[in-house]
Amino acid sequence: MHKPIPAGLFLLGASLFSLNAAAFTEPQGHAKLPITFSPESKVNVVVEQQGNTIIAKLPKGKTQQLGEMPDVPEGSQTIDGLLLQADFNFDGYGDVAVLEGVGYGGVNLFYRLHLWNKAQGKFQEYKEPISNPTLTPETKTLSTAQRSGPRWYSTDYRFNKGKPYVWSEGAMVGTDGDLYFVKIYDSAGKVLKKVIADTQDSSDVTAKTPAATRKITVDKAALYDKPDAKTKTKMYLIKGDKVTLLDHREGDDGVEWFLVRFDGKKRVEKWVEWSALSG
């Protein structure tokens, strides 16, 4: 069973983690500065530390600030990913991601992404931090993942004229986290499809992935018009009824709701509490 794991290699205590998914390409990690690389032909950039600041020395004597040195949590011996180097937006030019934070005891590595702008001869900072990035060249996808408690959450980015946009967002759902709920978007931010899949691995989920099914596990499962206890209907399903999972919500009280489809004498699409499917 695969789960998202951080890009780069890092030591946390005595444990060694590394990317182990053939479909992904790992950005090149650098544990120490300075480094020199060429974002494009005949252009060299030096990234170095000056005091507590990370800067890029650009052509023609120009410099650009890329971030501050991050705080590394106690117990993390080394992080081979202070700076990641790759063509993150698949435009043919070299980019960098600078570590700006470490969370969950070293599991979550948060980066600030800087994309090379050939016309301006400098990096362009992406507004949102990315976590544990990996690349899939076949689909030109930048995947990120982070852990919170026992669950993983993911965001996949694709690119329109070199600019990133959110292509999908996903999360483990269900009490045991054995389902993955993914929303897929177009470049304008419109939701194209929602998928609840029978997997704990976001990389298994695509727009063509079949929706997961479950059986009602309680004697009588109330149906609701909305993911809200106040919208209870007079309809219900009984133990053993098979439903298809269509959508997911989590209430303010932590209750998980699923929109389900039941094909009986007629098709019904209503909301049920997760307890009706997991008891």
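Provided above is the structure to which this section pertains.
Heads up: these notes are all about the structure in this document. (Residues numbered from 1 in each chain as written. Predicted model: local features only at pLDDT ≥ 70, side-chain atom pairs only at ≥ 80, totals over all residues. Heavy atoms only, no water.)

1. Some remarks on the overall build of the protein
Reasoning step 1: When you go through the protein residue by residue, the secondary structure sums to 1 helix and 25 strands.
Reasoning step 2: Out of the 279 residues in the protein, the part that is buried amounts to 47%.
Reasoning step 3: Taking contacts inside the protein between residues at least 6 apart in sequence as the whole, the part at least 24 apart equals 39%.
Reasoning step 4: Total accessible area on the protein stands at roughly 14,900 Å², and carbon and sulfur atoms take up 48% of it. (Helix = DSSP H or I, 4+ residues; strand = E, 2+ residues; numbered from the N terminus. Buried < 20%, exposed > 50% of the residue type's maximum accessible area, 1.4 Å probe, protein only. Contact = heavy atoms within 4.5 Å. Areas by Shrake-Rupley, 256 points an atom, 1.4 Å probe, with all protein chains shown as cover.)

2. What to know about the side chain of Arg-112
Reasoning step 1: Relative to the helices and strands, Arg-112 is located in strand S11 (residues 108-117).
Reasoning step 2: A polar contact of 3.2 Å, which involves the side chain of Arg-112, links it to the side chain of Glu-100.
Reasoning step 3: At 2.7 Å, the side chain of Arg-112 forms a polar contact with the backbone oxygen of Lys-127. (Polar contact = N/O pair within 3.5 Å; in protein donor to acceptor, adjacent residues only side chain to side chain.)

3. Examining the sheet that holds strand S16 (residues 151-160)
Reasoning step 1: Taken together, 6 strands build an open sheet; the order of strands is S14-S15-S16-S17-S18-S19 and the sheet is antiparallel. Of all strands in the sheet, those with a lone pairing partner are strand S14 (134-136) and strand S19 (191-197), marking the two edges. On average, adjacent strands in this sheet sit at an angle of 20° to one another, irrespective of strand direction.
Reasoning step 2: In this sheet, S16 lies alongside strand S15 (residues 141-148) in antiparallel orientation, the contact comprising 7 bridges. In the strand pairing of S16, Ser-148 is matched with Arg-151. (Pairing = 2+ DSSP bridges. Axes fitted to C-alpha atoms, helices over the stretch in contact; angles between N-to-C directions.)

4. Overview of the nonpolar core
Reasoning step 1: Core analysis: the largest hydrophobic core is formed by 33 residues, its most contacted members being Val-45, Val-47, Leu-66, Phe-88, Leu-113, Phe-123 and Leu-142.
Reasoning step 2: Among the elements of the structure, strand S4 (35-40), strand S5 (43-50), strand S6 (53-57), strand S9 (83-86), strand S10 (95-103), S11 and S16 are those that each provide at least two residues to this core.
Reasoning step 3: Those residues in contact with Leu-142 that sit more than four places away from it in its chain are Phe-88, Phe-90, Leu-113, Ile-130, Pro-133, Thr-134, Leu-135, Thr-155, Asp-156, Tyr-157 and Phe-159.
Reasoning step 4: Counting residues in hydrophobic clusters, the runner-up holds 19 residues, among them Val-173, Leu-179, Phe-181 and Trp-274. (Core = buried A, V, L, I, M, F, W, Y, C linked by side-chain atoms within 4.5 Å.)

5. Focus: the pattern of salt bridges
Reasoning step 1: Taken as a whole and assessed by the stated rule, the structure comprises 11 salt bridges.
Reasoning step 2: The shortest N-O distance in the salt bridge between Asp-225 and Lys-270 comes to 2.5 Å. Note that Asp-225 is positioned in the loop between strand S21 (220-224) and strand S22 (232-238) and Lys-270 in strand S25 (residues 267-273), a separation of 45 residues in sequence.
Reasoning step 3: A relative accessible area of 42% means that Asp-225 is categorised as partly exposed. (Salt bridge = Lys/Arg side-chain N within 4 Å of Asp/Glu carboxyl O.)

6. Looking at the pairing of strand S12 (residues 122-125)
Reasoning step 1: When S11 meets S12, the two strands line up antiparallel, connected through 4 bridges. Its bridge partner being in S12, Asn-117 is matched across the sheet by Lys-122.
Reasoning step 2: Connecting S11 to the antiparallel partner S12 that follows it, the hairpin turn spans 4 residues, and Gly-121 within it adopts a positive phi of roughly 65°.

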